[in-house]
Amino acid sequence: MTSAIGFSGVSRHYGDVKAVDNLNLDIAEGEFFAMLGPSGSGKTTSLRLIAGFERPTAGEIRIFGQVAQGIPPYKRNVNTVFQDYALFPHLNVRDNVAYGLMIAGTPKRQRQKSADEALGMVALGGYGDRKPSELSGGQRQRVALARALVNKPKALLLDEPLGALDLKLREQMQEELKTLQRSLGITFIFVTHDQGEALSMADRVAVFNNGQIVQIGAPEDIYYRPKTPFVADFVGSSNVLPPEFMNGLVGKSSYGAVRPEAVRLAEQGQSALVRSVSFLGAATRVTMDIGNVPMTMLMPKGAAVPKAGETVTVDWAAEDLHVMAPA
Amino acid sequence: MSSSVDTQARGFLTSLSDTLWRKPGLLVFLLILPPALWLGIIYLGSLFALLAQSFFSIDEFTGIIQYELTFKTYAELFRPSNFDIIIRTVVMSAAVTIAAAIIGFPVAYYAARYARGKWKALFYLGVMMPLWSSYLVKVYSWKLILAKEGILNWLFETLHLGWLLNAYLSIPIIGGNSLSVSATGTFLVFLYVWLPFMILPVQAALERVPQSMLEASGDLGAHPAQTFRHVLLPLALPGVIAGSIFTFSLTLGDYIIPQIVGSSRRFIGQAVYAYQGTAGNIPLAAAFAVVPILLMAVYLWIAKRQGAFDAL
Amino acid sequence: MHSDRAPLGLKLAAAFGLAFMHLPILLIFVYAFTTEDKSYQWPPPGFTLKWFAVTWERPDVWEAMQLSLKVASISTVIALVLGTLCAAAVSRTRFFGREVISLLVILPIALPGIITGISLRSAFNLADIPFSFWTIVLGHATFCVVVVYNNAVARFRRVSGSLIEASMDLGANSFQTFRYIILPNISTALLAGGMLAFALSFDEVIVTTFTAGQQQTLPIWMLEELVRPRERPVTNVVAMVVVLVTFLPILGAYYLTRGTDTVAGQGK
């Protein structure tokens, strides 16, 4: 696979604030790549560095082999879907979509036809004459998508594009985006703070924290084999076990992680004090303390549930305990 | 052929745009340069030139300006005749400000809290129109009103209240031969001309008070009058202070209104005008001009501490 | 409290405030038709239209009017350019001098007009610049910048950010972005700002008394009449016309900026 986007030693510092710090990254052509992290972790800044809205303070970015240094956004063959969609309020939907083609000098007839086709692709055929303000959030999101895709970019950058949609619409759009990416075969780079979204859509996920990538890999890798306590906690809401605890457990002074659904009540194991019990529908979540280590257990529907204040014994299968590399 | 020129022009603009993108500071610099030059050189330059002259003095016999740094001119401000002018102007500014707050508050309050839809627009225009109406026409209208043969005297006579007006005019300082040559007349015109400048910021401040806050106050057991006193009034205060900046400053520097309606007792603006004009005493005029600047600097400093700038 | 009816006292006080602001102007309209020409007699002894004809024939009124229109037009154009540039720069970046620039723009109108006027006059004297049409324009443009700036800066803030980025992302360079995205979105704010600047300049008297030589703008003409009344009926008619002429741009600016975050006239 050839490299679509490459970061080598890229930093973006604002004074003392290191928004992106010494980032190294390679995104392959045709890949659906997710940048996942809490707000302020540097994922959006990284995306803006690719688009050209931000300039690196150090390092080099390559876009399809070309060094991006000094190339303004309007000369980069990538397009962006903005978090707030950034539809032009004074243009109707068709002219919004045709904007990039107009700038490129495409004749009017042709660009309007292309715009209508692109609108058809996102199931908005017939909406061309409306103003963006007359559309719902989901529709605006699709217009933003069509406006970017009509220019046939080599890579599409999506900045939390589903953040403003409600849950049901979001799930639907996740499916559609995935299908679209498969059929177009172009590189999608997707920024999100929603780990479910990242895991379900992406071929590869990079987890960001404090301006750096803490782990990069396939969704399963990230989910089952977190490299740091942060990834374990942020991506999978895993129970993070501190080194002292692990030392007593496996005789090794490194962090460990165990998924809440892997924890179960047992005859033998760790004695735990139940703090609270909450019913989630498909399962019940029990939070408890093993000594001073907090632990969450997800119990399937139908199981007998302990009460708050009870002392119970919990355990997990040896293969469910993920041992991280020593810090 | 024209298209090749077009392409060339486009190519030039694009490469210029590239350069501006690579050096974002340059773009801002180019944008800010013309206004900064204009305001910096023409305006600030003149202002400093004027202020500098206040440190010169004038030879009392020859009337020639002596270009030596001195505080002599400032000392002259404290001569009784000059100091009276300053006191008179400050008292007038304060009186106008207080009266504007009292008359303006109900209008702003009604517009912000009760007027809806069409009425709201009407109220807004009802304040905007007088605000932007010609200053001189507004002053002129009061010359008509206050004239001896004018509508106000006629009103008093018609209501058989002429004696009341005469009694009022016989009071020293605020009275005079007729309303149009009394301090009261000057005060009325000032109040009229600057009133809209008080209403707008107060209305803006009142409109920023969220409805839920008033409901919360009511919910906590406050009577509407108590809500007004303990919630609305304190929140409107920054707006009143913002408005008072206008009314105070505008009264402080005006020289036309007291010239047209009022007694012969002068205000700061008139003193500045007279000293720079017929008297040719530019240093003293400049020193007088510093007084409103200093007063406003102090006033603004206090207002800033009260958070009035958020209501502007 | 919204649902409540306003207390009667408040209604009366608000009505009094509004009446106080409007009745004097209405009075001007009555006086324009009075037959009395030697005093400000009330009630007018009779009504006539003849003063309109008299005023129409007066070359000095026409000249003053023309000069005022010319000054206001050119000052407005200069203010539009400078105010827009300033607003663009301030909204674009958080450069260090942002607050300083805002203060600099507002200062000519925040300080009493007499200070601006006398500063300019003494500067012209120092630099040996003779008073002319252009010295008037110089002064007017200086204090009109703030009106354009205030109207434009709020709108710029709304347009800048992701809309500009989106345009550049779609291939438009800075100039194309300005022409196709920024300009259409700020045009109404600029128009409103321009109208207010025009009204401000058309009406200005204090600074003008210091920066004008022999020329008479309409306000200067009126000021002369106010200080030394010579032709009261003509003054009455001119006053009424001035009121009507300034109302139009104000109304226009109001309708242009209605329902947006900019409020016309906040600059004055």
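Summary of the structure given here. Counting restarts for each chain: residues are numbered from 1 in the order of the written sequence. The naming scheme follows written order: chains are lettered A onward, ligands numbered 1 onward. Two thresholds apply to this predicted model, a pLDDT of at least 70 for residue-level local features and 80 or more for giving and counting side-chain atom pairs, whereas whole-chain, interface and lining totals are computed over all residues. Each side-chain value is worked out from all heavy atoms of the structure, with water and hydrogens disregarded.

### Quick look at the packing of helix H2 (residues 24–53) of chain B against helix H3 (residues 59–92) of chain C
For helices, the axis comes from a line fit to the C-alpha atoms of the stretch in contact; other axes are also lines fit to C-alpha atoms, and the angle between any two N-to-C directions lies between 0 and 180 degrees. Think of it this way: any DSSP run of H or I at least four residues long counts as a helix, any run of E at least two long counts as a strand, and we number them from the N terminus. Look at H2(B) against H3(C): their axes get within 8 Å of each other, and the N-to-C directions meet at 135 degrees. In terms of axis orientation, H2(B) runs oblique to H3(C). Along this stretch, H2(B) crosses H3(C), giving a crossing that reads as left-handed. Residues B:Leu27, B:Val28, B:Leu31, B:Ile32, B:Pro34, B:Pro35 and B:Trp38 of H2(B) form the contact with H3(C), whose own contacting residues are C:Ile78, C:Leu82, C:Leu85, C:Cys86, C:Ala88, C:Ala89 and C:Arg92. Of the residues that constitute the contact of H2(B) with H3(C), the class distribution is 13 nonpolar, no polar and one charged. Note on terminology: angles under 35 degrees are roughly parallel, angles over 145 are roughly antiparallel, angles of 65 to 115 are roughly perpendicular, and the others are oblique. Take the far helix as your reference; a near helix turned counterclockwise from it by less than a right angle gives a left-handed crossing, and one turned clockwise gives a right-handed crossing. The criterion used for residue contact is that any of the two residues' heavy atoms lie within 4.5 Å. Lys, Arg, Asp and Glu make up the charged group, whereas Ala, Val, Leu, Ile, Met, Phe, Trp, Tyr, Cys and Pro make up the nonpolar group; the residues left over, Gly among them, are polar.

### Focus on empty space enclosed by the protein
The gaps of empty space that remain are located by a probe, the size of a water molecule, rolled over the atoms. Buried and open spaces are told apart on a 1 Å grid over the protein atoms alone, a cavity being a set of points where a 1.4 Å probe fits but cannot get out and a pocket being an open set with protein on both sides within 12 Å along at least five of seven lines. Residues with an atom within 4 Å of a point are the lining residues. Grid points are joined across faces, edges and corners, and a volume is the space filled by probe spheres set on the points. This model, assessed by the stated rule, comprises three cavities of 30 Å³ or more. Counted as a void, the largest cavity has a volume near 50 Å³. For the lining of the largest cavity, a count of residues per class yields four nonpolar, two polar and two charged. Of the voids in this model, the second largest cavity is the one considered here, and its volume is about 40 Å³. As for the second largest cavity, its lining consists of B:Ser134, B:Leu136, C:Phe202, C:Asp203, C:Leu218, C:Pro219, C:Met222 and C:Val242. The set of elements that each furnish at least two residues to the lining of the second largest cavity consists of helix H8 (174–203) and helix H10 (218–227) of chain C. Here the lining of the second largest cavity gets three residues from one element, more than from any other, and that element is H10(C).

### A short note on the interface of chain C and chain B
Across the contact, 90 residues belong to chain C and 84 residues belong to chain B. Pairs of N or O atoms within 3.5 Å make up the polar contacts considered here, provided that, within protein, one atom can donate a hydrogen while the other can accept it, and that residues adjacent in sequence are counted only when both atoms are side-chain atoms. Taken together, the links from chain C to chain B amount to 12 residue pairs in polar contact (both at pLDDT 80 or more). With 15 residues, helix H1 (residues 8–31) of chain C is the single largest residue contributor to the side of chain C that touches chain B. Tallied by class, residues from the side of chain C that touches chain B come to 64 nonpolar, 18 polar and eight charged.

### Points about the state of the cysteines
Residues and elements named next belong to chain C. Only a pair of cysteine sulfur atoms within 2.5 Å qualifies as a disulfide here. Applying the stated criterion across every chain yields a total of zero disulfides over all chains. Unpaired in this structure, Cys86 has its nearest cysteine sulfur neighbour in Cys144, at a distance of 14 Å. We call a residue buried when its accessible area falls under 20% of the maximum for its residue type, exposed when it is over 50%, and partly exposed in between, using a 1.4 Å probe and counting protein chains only. Residue classification places Cys86 among the buried positions, given a relative accessible area of 1%.

### Details of the environment of C:Val148
Residues and elements named next belong to chain C. Here Val148 shows up in helix H6 (residues 133–159). You can call Val148 buried: its relative accessible area is 1%. As for Val148 and Met195, which are separated by 47 residues in sequence, their C-alpha atoms are 8.9 Å apart. Residues in contact with Val148, not counting those within four places in the same chain, are Ala79, Leu80, Gly83, Thr84, Leu190, Gly193, Gly194 and Ala197.

### Side note on the sheet that holds strand E11 (residues 239–241) of chain A
Residue and element names in this part refer to chain A. Whether two strands pair depends on DSSP finding at least two bridges between them. Spatially, E11-E12-E17 is the arrangement adopted by the three strands of the open sheet, whose pairing is antiparallel. The open sheet is flanked by E11 and strand E17 (322–323), the only strands paired with a single partner. Relative to strand E12 (residues 256–258), E11 runs antiparallel, the two sharing three bridges. Looking across to E12, one finds that Val240 is bridged to Ala257.

### Overview of the packing of aromatic side chains
Only rings of Phe, Tyr and Trp enter the pairing, Trp through its six-membered ring, and a pair is recorded when the two centres are within 6.5 Å. The plane angle decides the type: under 30 degrees is stacked, over 60 is edge-to-face, the rest tilted. If you walk through the whole model with that rule in mind, you get 38 aromatic pairs over all chains. With a centroid separation of 6.5 Å and 85 degrees between ring planes, the pair formed by A:Tyr99 and C:Tyr180 is classed as edge-to-face. With A:Tyr99 in helix H2 (residues 93–104) and C:Tyr180 in helix H8, this residue pair bridges two chains. A relative accessible area of 24% means that C:Tyr180 is categorised as partly exposed. Plain terms: the ring middles of B:Tyr273 and C:Phe210 are 5.6 Å apart, the flat faces sit at 80 degrees to each other, and that makes the pair edge-to-face. Residue B:Tyr273 is located in helix H13 (residues 268–276), and its partner C:Phe210 is located in helix H9 (residues 206–211); the two belong to separate chains. Exposure remark for B:Tyr273: the relative accessible area of 33% places this residue in the partly exposed category. Taking the relative accessible area as the measure of exposure, C:Phe210 reaches 0% and is therefore buried. The rings of B:Phe105, B:Tyr109, B:Tyr110, B:Tyr114, B:Phe123 and B:Phe228 are connected pair by pair, giving a single aromatic cluster. By definition here, charges over rings are those cases where NZ of Lys or CZ of Arg is within 6 Å of the ring centre and within 35 degrees of the ring normal. Directly above the ring of A:Tyr14 sits A:Arg12, whose terminal nitrogen or CZ lies 4.2 Å from the centroid. The ring of B:Trp21 carries the charged tip of A:Arg55 above its face, separated from the ring centre by 4.3 Å.

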